[in-house]
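The chain contents come next:
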Amino acid sequence: MEFISDTSTEQEFADIIQELTQDFYYQKPDDVLQFCTNFFQSRLSSQRSFWRGYITETFTSHPTESSPSLTPALVQDPLEAYSSDEEDVFEDEDTFENEMIEFTAPISNRGRRTSVSAESMTPLARGDKDYIQKIIPKTNAQKEQIQAAIRNNFLFRNLDENQHQDIINAMSEKQVLPNEVVIQQGAIGDYFYIVGSGQLDCYINSDQQKVTTYGPGGSFGELALMYDSPRAATIVSVVSGVLWALDRLTFHRIVVEHASHRRQMYESFLAEVPILASLDACERFKVADALEYVCFEEGETVVQQNGFGDNFYLIESGDALVYQTDVDGIQKEVNCLTKGAYFGELALLHDIPRAATVIAQGRLRCATLGKRGFSRLLGPILDILKRNSENYAKVLQTTTI
Ligand SMILES: Nc1ncnc2c1ncn2[C@@H]1O[C@@H]2COP(=O)(O)O[C@H]2[C@H]1O
């Protein structure tokens, strides 16, 4: 299934033909040659997109942002904060034609994700007329199982109901046998998977350290498709089972295009958060993808002074009041945070108690991210901070909630 050995290439070929055949019977096109041409054209363009990303990343370096100010709670509208200058980091010329490139799989380093190019973070340029929507019939139970799994995955959580339906419709069934390598670390990503039944183990790095196990409802394989990066882990089935597979093209059309809106909203905004200042543009895109929406009602406590929590928050709408209680137990209002402000960022770094209480004033909508989600995508934040020693020193001196 992946491009690693001859056997995998044959498997890849068999999978493509099977997908083409399935599509043919569902679409029943009048113009068979045109249908096949479109199918292969789409596959080729997905694959080229990957190579372009890989080459750009390997032979060029990313532009980085200048260090932002250390304003602890900036007041800026994330929607207005997007600057079109950021698009300078993207190249849209297709310079990759017929070159033969030897692929040496980069292996992830100390749990940190393999890097990606700025260009590969863009949605594939594809008009709707080129895209053939897949509808693979399923039972209600199967649909519910897929729905439940995608609802829990950070990439799908913010999609609307129609987009969920398109994903469910496009998923195809794949049987796995015991000890089958479903994903090989370092290979090109072709599918995102949801586990229907069975059990699969996930290993990373050359020492093949087992990092997790997936059971029914679990999902994996989204990262290579999302970031056009090599597979970050190896996934092996323990017992026979059934997977639901979403092809790269549908994944790009729905998930990547949706993500690009969020990235535009948050990119410049995240660049202003001191603790995230050492991230490059691509890494900030990843943070934007992983942000989760949370809502608090009037009077609800978001963070509690002296409490522990590993999330930081960006205010999307509404206001929040900040209170501190002194040694005599007297509580004072010390700040009012509004749309665009952030708080709790040091929780990504330290396990220190919160320095204040934050309470919603009216309905408060925030985007939030925790330390675990952050390091799963980008590796330990401390390592990232150390890239910029001046900023590192400043952040360590800063005490925020
Ligand atoms: N710690 C981890 N590091 C890398 N990948 C992981 C980890 N845990 C789970 N995975 C999953 O393993 C998958 C391997 O393929 P992808 O890189 O496409 O997406 C990856 C994630 O879905």
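Residues numbered from 1 in each chain as written. Predicted model: local features only at pLDDT ≥ 70, side-chain atom pairs only at ≥ 80, totals over all residues.

1. Structural notes on the UniProt feature "binding site: 3',5'-cyclic AMP 2" (unreviewed entry) in the protein
This is how it is decided: UniProt positions are given in the numbering used here, feature names are shortened, and annotations may be inferred rather than shown by experiment. Helix and strand assignments come from DSSP, with helices taken as H or I runs of at least 4 residues and strands as E runs of at least 2, each series counted from the N terminus.
Under the UniProt annotation, "binding site: 3',5'-cyclic AMP 2" (unreviewed entry) lies at Glu345 and Arg354. Along the chain, glutamate 345 falls in the loop between strand S13 (342–343) and strand S14 (357–370). Within the element layout of this structure, arginine 354 appears in the loop between S13 and S14.

2. Some words on the site of the ligand
As a reminder of what qualifies: For each residue, a C-beta position is placed from the backbone atoms; the residue is near a molecule or strand when that point lies within 6 Å of it. Nonpolar residues are Ala, Val, Leu, Ile, Met, Phe, Trp, Tyr, Cys and Pro. Charged residues are Asp, Glu, Lys and Arg, and all others, Gly as well, are polar.
The environment of the ligand is formed by 16 residues, the closest being Phe220, Leu223, Ala224, Ala232 and Ala233. For the shell around the ligand, the elements supplying multiple residues, two or more each, are strand S4 (200–204), strand S5 (209–214) and helix H6 (222–227). Considering each element in turn, the shell around the ligand owes the most residues, three residues, to H6. Residues that form the shell around the ligand fall into these classes: ten nonpolar, three polar and three charged.

3. Focus: unusual backbone geometry
Short version of the rule: In this scheme every C-beta is placed from the backbone, and a residue whose C-beta has 20 or more other C-beta atoms within 10 Å is buried, one with 12 or fewer is exposed, and one in between is partly exposed.
Of note, aspartate 228 is a non-glycine position whose phi angle comes to about 45 degrees, a positive value. Mapped onto the secondary structure, aspartate 228 falls in the loop between H6 and strand S7 (234–237). The phi angle at asparagine 306 is positive, at roughly 70 degrees, despite the residue not being glycine. Given 10 C-beta atoms within a 10 Å radius, asparagine 306 is considered exposed.

4. Description of the sheet that holds S7
Quick note on the threshold: Two strands are counted as paired when DSSP detects at least two bridges linking them. Axis definition: a line fit to C-alpha positions, over the contact stretch in the case of helices; interaxial angles, taken between N-to-C directions, run 0 to 180 degrees.
With respect to topology, four strands assemble into an open sheet ordered S2-S7-S4-S5, the strand pairing being antiparallel. The strands lining the two open edges of the sheet, one partner per strand, are strand S2 (181–183) and S5. Ignoring which end each strand starts from, the neighbouring axes of this sheet average 30 degrees apart. Pairing geometry for S4 and S5, over five bridges, is antiparallel. The partner of leucine 200 across the bridge, within S5, is tyrosine 214.

5. What to know about the UniProt feature "binding site: 3',5'-cyclic AMP 1" (unreviewed entry) in the protein
Our working definition: Note on contacts: each residue gets a C-beta atom placed from the backbone, and two residues are in contact if those atoms are within 7 Å.
Per the UniProt record, "binding site: 3',5'-cyclic AMP 1" (unreviewed entry) is found at Glu222 and Arg231. Residue classification places glutamate 222 among the buried positions, given that 21 C-beta atoms sit within 10 Å. By the element assignment, arginine 231 lies in the loop between H6 and S7. According to the C-beta neighbour criterion, arginine 231 is buried, with 25 such atoms within 10 Å. If we ignore the near neighbours within four places in the chain, the residues touching arginine 231 are Ile183, Gln184, Gln185, Gly186, Ala187, Gly189 and Ala224.

6. Regarding the packing of helix H8 (residues 281–290) against helix H9 (residues 371–378)
Worth spelling out the cut-off: Any angle that is under 35 degrees is reported as roughly parallel, and any over 145 degrees as roughly antiparallel; angles of 65 to 115 degrees are reported as roughly perpendicular and all others as oblique. Crossings are assigned a handedness: left-handed for a near helix turned anticlockwise from the far helix by less than a right angle, right-handed for a clockwise turn.
Relative to each other, H8 and H9 sit at 140 degrees, their axes nearing to 10 Å. It follows that H8 is oblique to H9 by the angle criterion. As for the relative orientation of H8 and H9, their crossing is right-handed in sense. Between H8 and H9, the contacting residues are Glu283, Lys286 and Ala290 on the first element and Gly373, Leu377 and Leu378 on the second.

7. Some remarks on the packing of helix H4 (residues 140–151) against helix H5 (residues 161–170)
The geometry of H4 relative to H5 is characterised by a closest axis approach of 10 Å and an angle of 125 degrees between their N-to-C directions. Our classification of the angle between H4 and H5 gives oblique. For the pair H4 and H5, the crossing hand works out as right-handed. Each of Lys143, Ile146, Gln147 and Ile150 in H4 lies in contact with H5, whose residues at this interface are His164, Ile167 and Ile168. For the contact of H4 with H5, the class distribution of residues is four nonpolar, two polar and one charged.

8. Comments concerning the nonpolar core
Which entries qualify depends on this criterion: Among buried residues, those of type Ala, Val, Leu, Ile, Met, Phe, Trp, Tyr and Cys that are joined through C-beta atoms within 7 Å form a set called a nonpolar core.
By size, the foremost hydrophobic cluster in this structure holds 47 residues, and its most contacted members are Leu270, Val287, Tyr313, Ile315 and Ala320. Elements supplying a minimum of two residues to this core: helix H7 (248–271), H8, strand S10 (301–303), strand S11 (311–325), S13, S14, H9 and helix H10 (381–385). If sequence neighbours within four positions are ignored, alanine 320 has contacts with Val302, Ile315, Leu337, Val358, Ile359, Ala360, Gln361 and Leu364. With 36 residues, the next largest nonpolar core counts Ile167, Tyr214, Leu225 and Met226 among its residues.

9. Focus: the sheet that holds strand S6 (residues 219–220)
Taken together, the four strands give an open sheet; going across it, the order is S1-S8-S3-S6, and neighbouring strands pair in antiparallel fashion. The open sheet is flanked by strand S1 (172–176) and S6, the only strands paired with a single partner. For strand S3 (residues 191–197) and strand S8 (residues 241–247), the ladder comprises six bridges, and the chain directions are antiparallel. If you follow serine 197 over to S8, its bridge partner there is valine 242. Packed on one face of the sheet, H7 meets S3 and S8 and runs near 60 degrees to S8.

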